[in-house]
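# Architecture and fold: a report
Spelled out, the chains give:
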Amino acid sequence: MYQYTAFDSEFVKARAAQYRDQLTRNLAGKLADDDFRPLRLQNGWYVQRYAPMLRVAVPYGELNSAQLRVLAQIARDYDTPSAELIARAQSTQDKIGGIDAPKLTTNYGHFTTRQNVQFNWIPLDKSADVMELLASVNLHGIQTSGNCIRNITSDERAGIAVDEDVDPRPYAEVLRQWSTLHPEFAYLPRKFKIAITGATEDRAAIAWHDVGLRVLRNDEGEVGFQVLVGGGMGRTPITGTVIREFLPWNQIINYLEAVVRVYNGWGRRDNIYKARIKILVKAEGQRYFDEVEAEYERILESGAHHTIPQVELDRVSACFVMPPVDVVPDDAQEKAEQALLAQAKADKEFTRWLQQNVTSHQNPGLRVVTLSFKRLGQAPGDATADQLATAADLADKFSSGEVRVNHDQNLVLPWVRIDQLADLYQAARAAGFARANVHLLTDMIACPGGDYCALANARSLPIAAAITERYQDLDELFDLGEIDLHISGCINSCGHHHSGHIGILGVDKDGQEWYQVTLGGSDGSFLSGPAKAGKVVGPSFAAAEVVDVVEAVLDVYRDKREGHETFARTLNRVGFDVFKAAANSARNTTARAA
Amino acid sequence: MSLQIITQHNADGADKEISARALANDVDVQTLDLEGLERIDLNFPKFTDGRAFSQAFVLRRRGFGGDIRAHGDVLIDQLLQMQRSGFSSAVLRDDQDAAHGEKLLTHYKAFYQGDAVTADPKFARVA
C-alpha cells in the first residue's frame, strides 16, 4: 500500500495542529459555533443526534495494521459517552417504539460505503487529541465532510483484481494530493465525491458519484480516463453522464480543475437540495460540458501546470510497495488447492466461505478474502475495539499487514496466501468474521440511521437487525443468491437505497417512522446491470411490515426464477409490477392508509 | 507575496484615489474589461460561499496585477485560502482577530497543488 513520505506525515500533523487551534478558540468563545462548523466538518467532525461523530478518511480504503490498531485504541479509549448521556440517549430511543430495537452501542468503529471509518461518541473537547493520535499513523479526517472534494474512493481490489486493466491507486493518490486543502475548492456549492476504478467490473459505483473515473487502455495501449460527471443519490437520484470518453491520463488534474471550477461558479447555492453538480449537469447539459471544455482549454493555454509528469506517476506508483509475499511455487499451489478441496468436502461451511468470501487474485498463489461484518447482534459494518484489534492481527498474520475497507462495509484482506486460507478461516471464524454471506442478502448496506444520525427520519439498524434475524439460514441465503439490499434512514441516501435491488428508505410522517421500498436499483456492477435508481413500491410501510415485504418479494423471486437466474435478472424479466403486487400484499397495518 | 490584512477601522478612506471596481460573486471575470483597473473588490456574502475564490484565481491567470481585495464575511480562518487563490488584501469582519490571522497565514510550510501564488504543484517543483 501507499507509503507516506515525510512531507505527507508533516502535512497531516500540521493539519491536526491547525484543528487544535480552531477547537481551542471555539471552546474559549473566540470562534463562534457557526464559524467553526465548516472548519470542523472539513476535519470530519459532525455533531449528531446525541454526540459528535468523527469520520476518519481512509484514502481509497487502504489501511495498515498499525492504523487499524489506532482506530481500535480510539474506539476503546475515546468512543465513550458519559453515563448520563448514554442513559438519556437510550431512554429517548426507547420511546420511539414500533419495532424491537437493539440497544445503542458504544466503543466501536463503523465502516462506511465510502470506505471511511466513523465513531459516534467521542466528546468534542477530546477531538483535537484524537486528531493528533490519528496523525501519529498518518490518518486524519481531511475533507471527509463539508462542501469540498471528499475523500476519494476506489475498487476494493485495486491493484490485485484479475479483471483490472490499470491499477487505479497511483491516480487516486495523485488526485488525493491535488484535492487536499485545495484553496479554491474548499467552499463549493455542495459536497463533491470522486470514485475511480481500473477494472472491467465496477466495484466502486462510479456512476453514482459527482465524478466517476474509469482508467483504461485504448486500442493503442495508451492509458486514459473515461470521465463521468453529475451522478449522485439524495432526493434526486441521477447517474453520471460521460463527459469524456478518453482523456489522456496525465491531464486528469487539469481537466478536473475545469470541471470543479465551472461547478463552483455555476452550481446553485440557493437550495441545498439543488446544489449538487448532478442538478447543474441536468439543467445545463451541453452548455455545462462546453464551458468545462472551454475552461480546460484556458488551463492548457495558461501553462497546464498540473500535467502529471511520467516521473511523478512512477514515483507515486513506487510508493505502492508490493508486500514481500513469498511466491507460492506452482507445485505448492497445486498441493494447496488439493488440500483445500479435500478439506472443503468434509466441511460445508468452509466450502461456502471459500465460495462466497474468497476470490481470485492477480497473483495465482494469493487470494482476496472478505471478512464479513454482517452478523446477528451487531449493526452492519460495526466493529468493536477488540474486533478492530483482532482484524489488525489477522492482517499481520495473513495479509502482509494490509486491509481494505470496502463499499459494502466489510474488510478485505488483499494478500492472503492460498496455503494459509484454512488457517485464516479458523482464525476469522473464532473472531466472528467468517460468516459466509458476502454479496448475499444479509451482506446488506445500512447507514447508522435514526439511532445516531441527526439527519435521519427513521432508524435503519432495527430494520437491518430484523432482516438479518429472519434470514439466518445459510441454505436459504445461498438459495436466494446474490442480492443487494440497501437501507437508508433518510433521503440523503448514505445507505445507498437507490442502488439496491431492494432499497429501503426511512421516512417520517407525523413523527412516526415509515419505510419506502424500492425495487430494481443498480450500483453498476455486472450482477445488477447499468447503474439506475430503483422504482418505488407505493406508499411507505410501517416498520413492523418491512421484513414481511422483503420476504414477499423474495418469495415471488423463488417462484418466478428460471434455473440459476439471479434476483436482479428475474425482476428485470418478470417486471416490476408482479413484485410490487407481492410487496403490497404484505401490507397489514398500512392497508387502510394505502 | 503576503496578504494585506485590513481591519474595518482602517479600511475607510485610505485609498480613495485608486481606480477600483466592486464585483458581485456571480460576475464572469473571464470577459471583464480590466483596462485601467487598479483594484478589484470581490465579495463573500457568506464565508461559505466560495465563488470569489475562483474569480480571484481567474483574474490572476488573466494577468491582473493590481490589488484583489476580499470584502464581506471575511474570517481569519479563510485568509490562507484567499491568499493562495490570488487575493492580495482582505477586509476582516469586525469581530476578527487580525494578529491571529497573520499567524494562520504561515501555518503550513507547503502544499500539494499549485495555486495563484505558486503555479506549479509540489510534484513539478520537486522534479
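What comes next concerns the included structure. (Residues numbered from 1 in each chain as written. Chains lettered and ligands numbered in written order. Predicted model: local features only at pLDDT ≥ 70, side-chain atom pairs only at ≥ 80, totals over all residues.)

What follows is about the sheet that holds strand β14 (residues 402-405) of chain A. All names here are of chain A. Here we have 5 strands laid out as an open sheet, ordered β3-β14-β15-β12-β11, and antiparallel in their pairing. The sheet terminates laterally at β3 (62-64) and β11 (358-360), the two strands that pair on one side only. Taking each pair of neighbouring strands and ignoring which way they run, the sheet shows an average axis angle of 30°. Pairing between β11 and strand β12 (residues 366-371): 3 bridges, direction antiparallel. Bridged to Val-358 within β12 is Val-369. In the packing of helix α13 (residues 385-398) onto the sheet, the strands contacted are β12, β14 and β15 (411-417), and the crossing angle to β15 comes to about 25°. (Pairing = 2+ DSSP bridges. Helix = DSSP H or I, 4+ residues; strand = E, 2+ residues; numbered from the N terminus. Axes fitted to C-alpha atoms, helices over the stretch in contact; angles between N-to-C directions. Contact = placed C-beta atoms within 7 Å.)

Further remarks concern unusual backbone geometry. All names here are of chain A. Even without being glycine, Ala-304 reaches a positive phi, approximately 45°. The residue Ala-304 is located in the loop between α9 (286-301) and α10 (310-319) in this model. Positive phi is not limited to glycine here, since His-496 has a value of about 55°. Structurally, His-496 can be placed in the loop between β17 (485-488) and β18 (502-509). Overall, the presence of 25 C-beta atoms within 10 Å leaves His-496 in the buried class. (Buried ≥ 20, exposed ≤ 12 C-beta atoms within 10 Å, placed from the backbone.)

The next subject is the environment of Leu-477 of chain A. All names here are of chain A. Assignment of secondary structure puts Leu-477 in helix α16 (residues 474-480). Distance in space between the C-alpha atoms of Leu-477 and Ala-385 is 29 Å, their sequence separation being 92 residues. If sequence neighbours within four positions are ignored, Leu-477 has contacts with Asn-437, Leu-440, Leu-441, Thr-442 and Tyr-471.

It is worth spelling out the packing of helix α15 (residues 461-470) of chain A against helix α17 (residues 546-560) of chain A at this point. Residues and elements named next belong to chain A. One way to put it is that α15 packs onto α17 with a least axis distance of 9 Å and a crossing angle of 45°. Considering the angle they form, α15 stands oblique to α17. The handedness of the crossing between α15 and α17 comes out as right-handed. Residue-level contacts link Ile-463, Ala-466, Ile-467 and Arg-470 of α15 to Val-546, Val-547, Val-550 and Glu-551 of α17. Broken down by class, the residue content of the contact of α15 with α17 amounts to 6 nonpolar, no polar and 2 charged. (Parallel < 35°, antiparallel > 145°, perpendicular 65-115°, else oblique. Left-handed = near helix turned anticlockwise from the far one by under 90°. Nonpolar A, V, L, I, M, F, W, Y, C, P; charged D, E, K, R; others polar.)

This part takes up the interface of chain B and chain A. Counting residues at the interface gives 26 residues for chain B and 27 residues for chain A. Only α2 (51-61), α3 (79-85) and α5 (122-126) of chain B provide two or more residues apiece to the side of chain B that touches chain A. Here the element with the most residues in the side of chain B that touches chain A is α2 of chain B; it accounts for 5 residues. Of the residues in the side of chain B that touches chain A, the class split is 11 nonpolar, 8 polar and 7 charged.

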